[in-house]
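# Structural overview
Here is how the chains run, residue by residue.
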Amino acid sequence: MVDVLVVGAGPVGLAAGIEAKRQGLSHLILERGTVAETIYRFPRQMVFFSESKNIEIGGHPLVSQGPKPTRLEALLYYQKVAEREGLRVLTYTEAVGVEGEEGAFKVLARDRFGEKAFPARYVVVATGYFGNPNRLGVPGEDLPHVFYRYEEAAPFFGRKVAVVGGSNSAVEVALDLYRGGAQVALVHRGKWVRPSVKYWLLPDFENRVKEGSILAVMEARVKAITPEGLVLERPQGEEFLEADFVLVQIGYRAEDHLLRGARVRYEGEKPWLSPEWETSRKGLFAIGSSAFGPDTRTVFIENGREHARVAIAAIARRLGS
(Lines give C-alpha, C1' and ligand atoms only; values in the text may rest on other atoms or scores of the structure.)
Protein backbone atom coordinates (compact mmCIF):
# COMPACT_ATOMS: atom_id res chain seq x y z
CA MET A 1 0.00 0.00 0.00
CA VAL A 2 1.22 3.49 -0.87
CA ASP A 3 0.41 6.70 0.98
CA VAL A 4 -0.70 8.53 -2.17
CA LEU A 5 -1.89 7.15 -5.48
CA VAL A 6 -2.14 9.78 -8.20
CA VAL A 7 -4.25 9.13 -11.30
CA GLY A 8 -2.74 10.96 -14.27
CA ALA A 9 0.88 11.69 -15.19
CA GLY A 10 0.29 15.06 -16.81
CA PRO A 11 2.00 18.17 -15.44
CA VAL A 12 -0.37 18.46 -12.46
CA GLY A 13 -0.22 14.76 -11.60
CA LEU A 14 3.58 14.82 -11.81
CA ALA A 15 3.62 17.91 -9.56
CA ALA A 16 1.56 15.93 -7.01
CA GLY A 17 4.02 13.05 -7.19
CA ILE A 18 6.95 15.41 -6.61
CA GLU A 19 5.21 17.00 -3.63
CA ALA A 20 4.43 13.58 -2.14
CA LYS A 21 8.02 12.42 -2.49
CA ARG A 22 9.37 15.60 -0.92
CA GLN A 23 6.95 15.22 1.98
CA GLY A 24 8.34 11.75 2.61
CA LEU A 25 5.20 9.97 1.40
CA SER A 26 5.27 6.80 -0.67
CA HIS A 27 3.54 7.33 -4.00
CA LEU A 28 2.45 5.73 -7.25
CA ILE A 29 1.20 7.45 -10.40
CA LEU A 30 -1.03 5.61 -12.87
CA GLU A 31 -1.19 6.86 -16.45
CA ARG A 32 -3.22 5.34 -19.27
CA GLY A 33 -0.71 6.53 -21.89
CA THR A 34 2.84 7.79 -21.73
CA VAL A 35 4.19 10.36 -19.27
CA ALA A 36 2.71 13.73 -20.24
CA GLU A 37 0.25 11.99 -22.57
CA THR A 38 -1.78 15.18 -22.90
CA ILE A 39 1.23 17.13 -24.18
CA TYR A 40 2.11 14.26 -26.50
CA ARG A 41 -1.37 14.44 -28.05
CA PHE A 42 -1.20 18.20 -28.71
CA PRO A 43 -0.83 19.35 -32.34
CA ARG A 44 2.78 18.69 -33.27
CA GLN A 45 3.66 22.30 -34.09
CA MET A 46 1.85 23.84 -31.11
CA VAL A 47 3.45 26.66 -29.12
CA PHE A 48 2.31 27.24 -25.54
CA PHE A 49 0.52 30.44 -24.58
CA SER A 50 2.36 30.44 -21.22
CA GLU A 51 5.98 31.36 -20.68
CA SER A 52 8.29 28.55 -19.61
CA LYS A 53 8.41 29.59 -15.94
CA ASN A 54 4.63 29.29 -15.67
CA ILE A 55 4.53 25.62 -16.62
CA GLU A 56 7.58 24.45 -14.69
CA ILE A 57 7.12 21.93 -11.87
CA GLY A 58 9.27 20.94 -8.93
CA GLY A 59 11.61 23.88 -9.37
CA HIS A 60 13.14 22.38 -12.51
CA PRO A 61 13.83 25.05 -15.17
CA LEU A 62 12.28 24.60 -18.59
CA VAL A 63 14.67 25.96 -21.20
CA SER A 64 13.15 26.83 -24.58
CA GLN A 65 14.66 28.26 -27.74
CA GLY A 66 11.91 30.85 -28.16
CA PRO A 67 9.99 33.09 -25.75
CA LYS A 68 7.41 30.32 -25.26
CA PRO A 69 8.02 26.57 -25.22
CA THR A 70 6.93 24.28 -28.01
CA ARG A 71 4.99 21.05 -27.57
CA LEU A 72 8.15 18.98 -28.09
CA GLU A 73 10.18 21.03 -25.59
CA ALA A 74 7.47 20.66 -22.96
CA LEU A 75 6.99 16.95 -23.63
CA LEU A 76 10.69 16.19 -23.19
CA TYR A 77 10.82 18.46 -20.14
CA TYR A 78 8.05 16.67 -18.21
CA GLN A 79 9.40 13.25 -19.06
CA LYS A 80 12.90 14.24 -17.93
CA VAL A 81 11.54 15.74 -14.70
CA ALA A 82 9.77 12.45 -13.93
CA GLU A 83 13.02 10.63 -14.57
CA ARG A 84 15.21 12.95 -12.52
CA GLU A 85 12.79 12.97 -9.60
CA GLY A 86 12.61 9.18 -9.64
CA LEU A 87 8.82 9.22 -9.72
CA ARG A 88 7.05 5.86 -9.68
CA VAL A 89 4.88 5.99 -12.79
CA LEU A 90 3.07 3.04 -14.31
CA THR A 91 2.36 4.01 -17.91
CA TYR A 92 -0.29 2.39 -20.11
CA THR A 93 -2.24 1.53 -16.97
CA GLU A 94 -5.71 3.06 -16.97
CA ALA A 95 -7.55 3.62 -13.70
CA VAL A 96 -11.17 2.51 -14.10
CA GLY A 97 -12.58 2.70 -10.57
CA VAL A 98 -12.02 3.76 -6.97
CA GLU A 99 -13.26 1.70 -4.04
CA GLY A 100 -12.81 1.83 -0.27
CA GLU A 101 -12.37 4.70 2.15
CA GLU A 102 -9.76 7.02 3.62
CA GLY A 103 -6.78 4.98 4.69
CA ALA A 104 -7.88 1.92 2.75
CA PHE A 105 -8.64 2.76 -0.87
CA LYS A 106 -8.32 0.39 -3.78
CA VAL A 107 -7.86 1.78 -7.28
CA LEU A 108 -8.94 -0.62 -10.00
CA ALA A 109 -6.92 -0.38 -13.20
CA ARG A 110 -6.47 -2.09 -16.54
CA ASP A 111 -3.31 -2.67 -18.57
CA ARG A 112 -2.52 -4.93 -21.52
CA PHE A 113 -2.36 -7.94 -19.24
CA GLY A 114 -5.77 -7.40 -17.67
CA GLU A 115 -7.25 -5.83 -14.55
CA LYS A 116 -5.33 -5.03 -11.38
CA ALA A 117 -5.97 -3.40 -8.02
CA PHE A 118 -3.65 -0.93 -6.28
CA PRO A 119 -4.11 -0.20 -2.55
CA ALA A 120 -3.54 3.35 -1.28
CA ARG A 121 -4.28 5.41 1.82
CA TYR A 122 -5.20 8.47 -0.26
CA VAL A 123 -6.13 8.99 -3.91
CA VAL A 124 -5.55 12.13 -5.95
CA VAL A 125 -7.30 12.39 -9.32
CA ALA A 126 -5.47 14.55 -11.88
CA THR A 127 -6.92 13.26 -15.13
CA GLY A 128 -7.29 16.59 -16.91
CA TYR A 129 -9.64 17.01 -19.84
CA PHE A 130 -7.81 16.61 -23.16
CA GLY A 131 -9.09 13.08 -23.70
CA ASN A 132 -12.71 14.20 -23.39
CA PRO A 133 -13.60 16.64 -26.21
CA ASN A 134 -16.96 18.36 -26.35
CA ARG A 135 -19.33 16.87 -28.88
CA LEU A 136 -21.58 18.67 -31.34
CA GLY A 137 -24.54 16.41 -30.64
CA VAL A 138 -25.66 16.33 -34.26
CA PRO A 139 -26.32 13.55 -36.79
CA GLY A 140 -23.19 12.42 -38.59
CA GLU A 141 -20.60 13.45 -36.03
CA ASP A 142 -19.33 9.85 -35.79
CA LEU A 143 -18.67 9.51 -39.51
CA PRO A 144 -15.08 8.39 -40.30
CA HIS A 145 -14.07 11.73 -41.83
CA VAL A 146 -14.91 13.66 -38.62
CA PHE A 147 -12.08 14.15 -36.12
CA TYR A 148 -11.89 15.69 -32.66
CA ARG A 149 -8.13 15.41 -32.37
CA TYR A 150 -5.64 17.15 -34.63
CA GLU A 151 -1.96 16.27 -35.03
CA GLU A 152 -0.66 17.81 -38.24
CA ALA A 153 -1.67 19.09 -41.66
CA ALA A 154 -0.01 16.49 -43.90
CA PRO A 155 -2.97 14.06 -44.18
CA PHE A 156 -5.25 16.88 -45.36
CA PHE A 157 -3.08 18.28 -48.17
CA GLY A 158 -5.15 19.40 -51.15
CA ARG A 159 -8.51 18.57 -49.54
CA LYS A 160 -11.41 20.69 -48.33
CA VAL A 161 -11.39 20.84 -44.54
CA ALA A 162 -14.01 22.44 -42.31
CA VAL A 163 -12.76 23.43 -38.84
CA VAL A 164 -15.61 23.90 -36.34
CA GLY A 165 -14.89 26.26 -33.45
CA GLY A 166 -13.85 29.81 -32.65
CA SER A 167 -11.19 29.67 -29.95
CA ASN A 168 -7.44 29.09 -29.85
CA SER A 169 -7.48 25.48 -31.00
CA ALA A 170 -9.75 26.10 -33.98
CA VAL A 171 -7.82 29.16 -35.17
CA GLU A 172 -4.45 27.46 -34.71
CA VAL A 173 -5.61 24.36 -36.57
CA ALA A 174 -7.05 26.44 -39.42
CA LEU A 175 -3.78 28.32 -39.86
CA ASP A 176 -1.71 25.15 -39.73
CA LEU A 177 -3.96 23.46 -42.30
CA TYR A 178 -3.75 26.46 -44.62
CA ARG A 179 0.05 26.40 -44.48
CA GLY A 180 -0.03 22.64 -45.04
CA GLY A 181 -1.84 22.98 -48.34
CA ALA A 182 -5.44 22.32 -47.35
CA GLN A 183 -8.49 24.33 -48.47
CA VAL A 184 -9.77 25.60 -45.13
CA ALA A 185 -13.11 26.93 -43.90
CA LEU A 186 -13.56 27.88 -40.24
CA VAL A 187 -17.16 27.52 -39.02
CA HIS A 188 -18.19 29.33 -35.83
CA ARG A 189 -21.54 30.15 -34.26
CA GLY A 190 -20.39 33.61 -33.11
CA LYS A 191 -20.06 36.78 -35.13
CA TRP A 192 -16.28 36.44 -35.02
CA VAL A 193 -13.67 34.28 -33.29
CA ARG A 194 -13.18 34.80 -29.57
CA PRO A 195 -11.12 37.85 -28.53
CA SER A 196 -9.13 35.56 -26.20
CA VAL A 197 -7.40 33.94 -29.19
CA LYS A 198 -3.61 34.08 -28.75
CA TYR A 199 -2.39 37.54 -29.62
CA TRP A 200 0.09 36.30 -32.22
CA LEU A 201 -2.52 34.12 -33.95
CA LEU A 202 -5.40 36.58 -34.29
CA PRO A 203 -3.79 39.06 -36.74
CA ASP A 204 -2.45 36.16 -38.80
CA PHE A 205 -5.92 34.61 -39.01
CA GLU A 206 -7.59 37.91 -39.85
CA ASN A 207 -5.12 38.57 -42.66
CA ARG A 208 -5.58 35.08 -44.11
CA VAL A 209 -9.34 35.63 -44.14
CA LYS A 210 -9.01 39.06 -45.78
CA GLU A 211 -6.83 37.70 -48.58
CA GLY A 212 -9.21 34.78 -49.14
CA SER A 213 -6.82 32.03 -48.05
CA ILE A 214 -9.19 30.90 -45.27
CA LEU A 215 -12.97 31.04 -45.56
CA ALA A 216 -14.60 32.34 -42.35
CA VAL A 217 -18.18 31.08 -42.01
CA MET A 218 -19.56 32.98 -39.01
CA GLU A 219 -22.95 32.87 -37.27
CA ALA A 220 -23.28 29.28 -38.37
CA ARG A 221 -24.53 26.36 -36.28
CA VAL A 222 -23.87 22.83 -37.46
CA LYS A 223 -27.16 20.96 -37.86
CA ALA A 224 -25.77 17.78 -39.37
CA ILE A 225 -22.68 16.29 -40.97
CA THR A 226 -22.92 14.22 -44.15
CA PRO A 227 -20.23 12.42 -46.17
CA GLU A 228 -20.21 15.44 -48.49
CA GLY A 229 -20.01 18.23 -45.88
CA LEU A 230 -21.91 20.22 -43.26
CA VAL A 231 -25.52 21.36 -43.04
CA LEU A 232 -25.41 24.80 -41.41
CA GLU A 233 -28.09 26.98 -39.86
CA ARG A 234 -27.36 30.67 -40.48
CA PRO A 235 -29.38 33.89 -40.04
CA GLN A 236 -30.24 33.91 -43.74
CA GLY A 237 -31.36 30.27 -43.70
CA GLU A 238 -29.94 26.80 -44.15
CA GLU A 239 -26.70 26.40 -46.09
CA PHE A 240 -24.48 23.52 -47.13
CA LEU A 241 -20.69 23.63 -46.91
CA GLU A 242 -18.71 21.06 -48.84
CA ALA A 243 -15.95 19.35 -46.87
CA ASP A 244 -13.84 16.23 -47.34
CA PHE A 245 -12.89 16.30 -43.66
CA VAL A 246 -14.34 17.91 -40.56
CA LEU A 247 -12.21 18.85 -37.55
CA VAL A 248 -14.27 19.70 -34.47
CA GLN A 249 -12.38 22.00 -32.09
CA ILE A 250 -15.00 23.23 -29.61
CA GLY A 251 -13.21 22.61 -26.33
CA TYR A 252 -13.19 19.92 -23.72
CA ARG A 253 -14.66 18.96 -20.36
CA ALA A 254 -13.08 17.22 -17.40
CA GLU A 255 -12.87 13.46 -17.49
CA ASP A 256 -15.13 12.61 -14.58
CA HIS A 257 -15.83 8.88 -14.83
CA LEU A 258 -13.65 8.09 -11.80
CA LEU A 259 -15.22 10.74 -9.58
CA ARG A 260 -18.77 9.95 -10.62
CA GLY A 261 -18.08 6.26 -10.28
CA ALA A 262 -16.86 6.94 -6.73
CA ARG A 263 -20.18 8.72 -6.09
CA VAL A 264 -18.71 11.99 -4.93
CA ARG A 265 -21.13 14.88 -4.58
CA TYR A 266 -21.53 17.17 -7.55
CA GLU A 267 -22.79 20.74 -7.61
CA GLY A 268 -24.07 21.18 -11.11
CA GLU A 269 -21.37 19.86 -13.42
CA LYS A 270 -18.48 20.25 -10.97
CA PRO A 271 -17.59 18.08 -7.98
CA TRP A 272 -17.98 19.66 -4.56
CA LEU A 273 -14.50 20.31 -3.18
CA SER A 274 -13.07 21.56 0.10
CA PRO A 275 -10.44 24.34 0.14
CA GLU A 276 -7.88 21.52 0.18
CA TRP A 277 -9.33 20.00 -3.03
CA GLU A 278 -10.90 17.05 -1.22
CA THR A 279 -14.14 15.64 -2.58
CA SER A 280 -17.14 14.70 -0.48
CA ARG A 281 -15.61 11.24 -0.22
CA LYS A 282 -13.03 11.70 2.51
CA GLY A 283 -9.51 10.94 1.37
CA LEU A 284 -10.29 11.31 -2.34
CA PHE A 285 -8.95 14.51 -3.89
CA ALA A 286 -9.39 16.11 -7.32
CA ILE A 287 -6.86 18.61 -8.66
CA GLY A 288 -6.26 20.49 -11.90
CA SER A 289 -8.89 20.36 -14.62
CA SER A 290 -10.51 17.24 -13.17
CA ALA A 291 -12.11 19.52 -10.55
CA PHE A 292 -13.72 21.95 -12.99
CA GLY A 293 -16.16 20.06 -15.19
CA PRO A 294 -16.73 21.99 -18.43
CA ASP A 295 -15.04 25.12 -17.06
CA THR A 296 -11.63 24.29 -18.50
CA ARG A 297 -10.61 27.87 -19.29
CA THR A 298 -10.04 28.79 -15.62
CA VAL A 299 -7.47 26.14 -14.73
CA PHE A 300 -3.97 25.85 -16.16
CA ILE A 301 -0.70 24.16 -15.30
CA GLU A 302 0.21 27.34 -13.42
CA ASN A 303 -2.63 27.07 -10.88
CA GLY A 304 -3.07 23.30 -11.16
CA ARG A 305 0.41 22.74 -9.72
CA GLU A 306 -0.69 24.84 -6.73
CA HIS A 307 -3.67 22.50 -6.26
CA ALA A 308 -1.16 19.65 -6.04
CA ARG A 309 0.85 21.40 -3.35
CA VAL A 310 -2.22 22.14 -1.21
CA ALA A 311 -3.73 18.65 -1.54
CA ILE A 312 -0.51 16.80 -0.76
CA ALA A 313 0.21 19.08 2.19
CA ALA A 314 -3.22 18.19 3.61
CA ILE A 315 -2.53 14.47 3.18
CA ALA A 316 0.90 14.81 4.79
CA ARG A 317 -0.62 16.48 7.84
CA ARG A 318 -3.10 13.66 8.30
CA LEU A 319 -0.36 11.07 8.02
CA GLY A 320 1.79 13.00 10.45
CA SER A 321 4.58 13.42 7.94
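Everything here concerns the structure above.
Throughout what follows, the structure given in this document is the object of discussion.

What counts and what doesn't
Residues numbered from 1 in each chain as written. Predicted model: local features only at pLDDT ≥ 70, side-chain atom pairs only at ≥ 80, totals over all residues. Heavy atoms only, no water. Pairing = 2+ DSSP bridges. Helix = DSSP H or I, 4+ residues; strand = E, 2+ residues; numbered from the N terminus. Axes fitted to C-alpha atoms, helices over the stretch in contact; angles between N-to-C directions. Phe/Tyr/Trp six-rings, centres within 6.5 Å; stacked < 30°, edge-to-face > 60°. Buried < 20%, exposed > 50% of the residue type's maximum accessible area, 1.4 Å probe, protein only. Patch = residues over 30% accessible without salt bridge, like charges linked within 9 Å, V, L, I, M, F, W, Y side chains within 5 Å. Areas by Shrake-Rupley, 256 points an atom, 1.4 Å probe, with all protein chains shown as cover. Salt bridge = Lys/Arg side-chain N within 4 Å of Asp/Glu carboxyl O. Lys, Arg positive; Asp, Glu negative; His and termini not counted. Charge placed at Lys NZ, Arg CZ, Asp CG, Glu CD. Contact = heavy atoms within 4.5 Å. Parallel < 35°, antiparallel > 145°, perpendicular 65-115°, else oblique. Left-handed = near helix turned anticlockwise from the far one by under 90°. Nonpolar A, V, L, I, M, F, W, Y, C, P; charged D, E, K, R; others polar.

Attention now goes to the sheet that holds strand 7 (residues 146-147). Within the open sheet, the 5 strands sit side by side as 7-14-8-9-10. Their pairing is parallel. Edge positions in the open sheet fall to strand 7 and strand 10 (214-217), since each of these has one partner strand only. Of the pairings in the sheet, the one linking strand 9 (residues 183-187) to strand 10 comprises 4 bridges and is parallel in character. Note on strand 10: the bridge partner recorded for Val187 is Val217.

Moving on, we get to the sheet that holds strand 13 (residues 237-242). Across the sheet, which stays open at both edges, the 3 strands sit in the order 11-12-13 with antiparallel pairing between neighbours. Two strands bound the open sheet, and with one partner strand each, they are strand 11 (221-226) and strand 13. Looking at each pair of strands side by side, their axes are set apart by 25° on average, direction ignored. Note that strand 11 and strand 12 (residues 229-234) share 5 bridges and pair antiparallel. Residue pairing for strand 12: Arg221 is matched across the bridge by Glu233.

Per the stated rule, a full pass over the model turns up 9 aromatic pairs. Ring centres 6.3 Å apart and planes at 35° place the aromatic pair Phe147 and Phe245 in the tilted group. One end of the pair, Phe147, is in strand 7; the other, Phe245, is in strand 14 (residues 245-248), with 98 residues separating them in the sequence. With relative accessibility at 31%, the residue Phe147 sits in the partly exposed group. Here a set of aromatic residues connected by ring pairs shows up, and it is made of Phe147, Tyr150, Phe156 and Phe245.

On the surface, a cluster of positive charge is contributed by Arg189, Arg194, Arg221 and Arg297. Tracing the backbone through its elements, the reader meets Arg297 in the loop between strand 17 (284-286) and helix 7 (301-318).

So, about the environment of Leu273. With respect to the helices, strands and loops of the structure, Leu273 is situated in the loop between strand 16 (270-271) and strand 17. Taking the C-alpha atoms as reference points, Leu273 and Ile287, separated by 14 residues in sequence, lie 9.6 Å from one another. Setting aside residues no more than four positions away along its own chain, Leu273 makes contact with Glu278, Thr279, Ala286 and Ala291.

Running from amino to carboxyl end, helix 4 (residues 168-179) crosses helix 5 (residues 202-210) at an angle of 55°, the nearest separation of the two axes being 10 Å. If you check the angle between helix 4 and helix 5, you find them oblique. Relative to helix 5, helix 4 is oriented so that their crossing is left-handed. Here Val171, Leu175, Tyr178 and Arg179 of helix 4 come into contact with helix 5, specifically with Asp204, Phe205 and Arg208. Partitioned by chemical class, the residues of the contact of helix 4 with helix 5 number 4 nonpolar, no polar and 3 charged.

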